[in-house]
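Single-letter residue listing:
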Amino acid sequence: QVQLVESGGGLVQAGGSLRLSCAASGRTFSSYAMGWFRQAPGKEREFVAAISASGGSTYYADSVKGRFTISRDNAKNTVYLQMNSLKPEDTAVYYCAARSGIYSRRSNDYGYWGQGTQVTVSS
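In this text the structure is predicted, and so the values were computed from the model without any measurement. (Residues numbered from 1 in each chain as written. Predicted model: local features only at pLDDT ≥ 70, side-chain atom pairs only at ≥ 80, totals over all residues. Heavy atoms only, no water.)

Visitor: Which residues make up the overall build of the protein, and what values go with them?
Guide: Secondary structure summary: the protein contains zero helices and eleven strands in total. Reading the protein from its N end, one meets helices and strands in the order β-β-β-β-β-β-β-β-β-β-β. Its C-alpha radius of gyration of 13 Å places the protein within 12% of the 14 Å reference for a compact globule of 123 residues. With the C-alpha coordinates of the protein rotated into their principal frame, the extents come out at 40 × 25 × 25 Å. Here the analysis covers contacts within the protein between residues at least 6 apart in sequence; of these, 58% occur between residues at least 24 apart. (Helix = DSSP H or I, 4+ residues; strand = E, 2+ residues; numbered from the N terminus. Rg over C-alpha atoms; globule rule 2.2 N^0.38 Å. Contact = heavy atoms within 4.5 Å.)

Structure representation (structure tokens):
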């Protein structure tokens, strides 16, 4: 079992930065691939970024590549999403998720989810 708690969301102006954190409970965090997803009002949940269990491989949606960076600290049971050059279209609730095994871009492949944190980017 893994419990996930996101933090770090807020209101920021376009061009600004935020860093999201996702703290995980449990002793096997280092065996889980982690993903970040987001959901804007009226839209489906979409993949943002993922990182392998070891942290050696990262994957991004084209819409955030070059602006967002996913990382993890297995000693702290935490995964991060550094978001730079934020745009109004990045406004959404951001969720972290965990899955045993390799990463996936599909939300249905993740068995554990946090409660989400709101990110609002003003123009």
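Anyway, onward from the coordinates.
Visitor: Give a detailed account of the pairing of strand 4 (residues 32-39), specifying residues and quantitative values.
Guide: Most of strand 4 is tucked away, with seven of its eight residues classed as buried. With eight bridges connecting them, strand 4 and strand 9 (residues 92-100) associate as antiparallel partners. In the sheet register, F37 faces strand 9, and the bridge partner there is Y95. Note: strand 4 against strand 5 (residues 46-51), five bridges, orientation antiparallel. What sits directly across from R38, in strand 5, is E46. Counted between consecutive antiparallel strands, the loop separating strand 4 from strand 5 contains six residues, among which G42 sits at a positive phi close to 80°. (Buried < 20%, exposed > 50% of the residue type's maximum accessible area, 1.4 Å probe, protein only. Pairing = 2+ DSSP bridges.)

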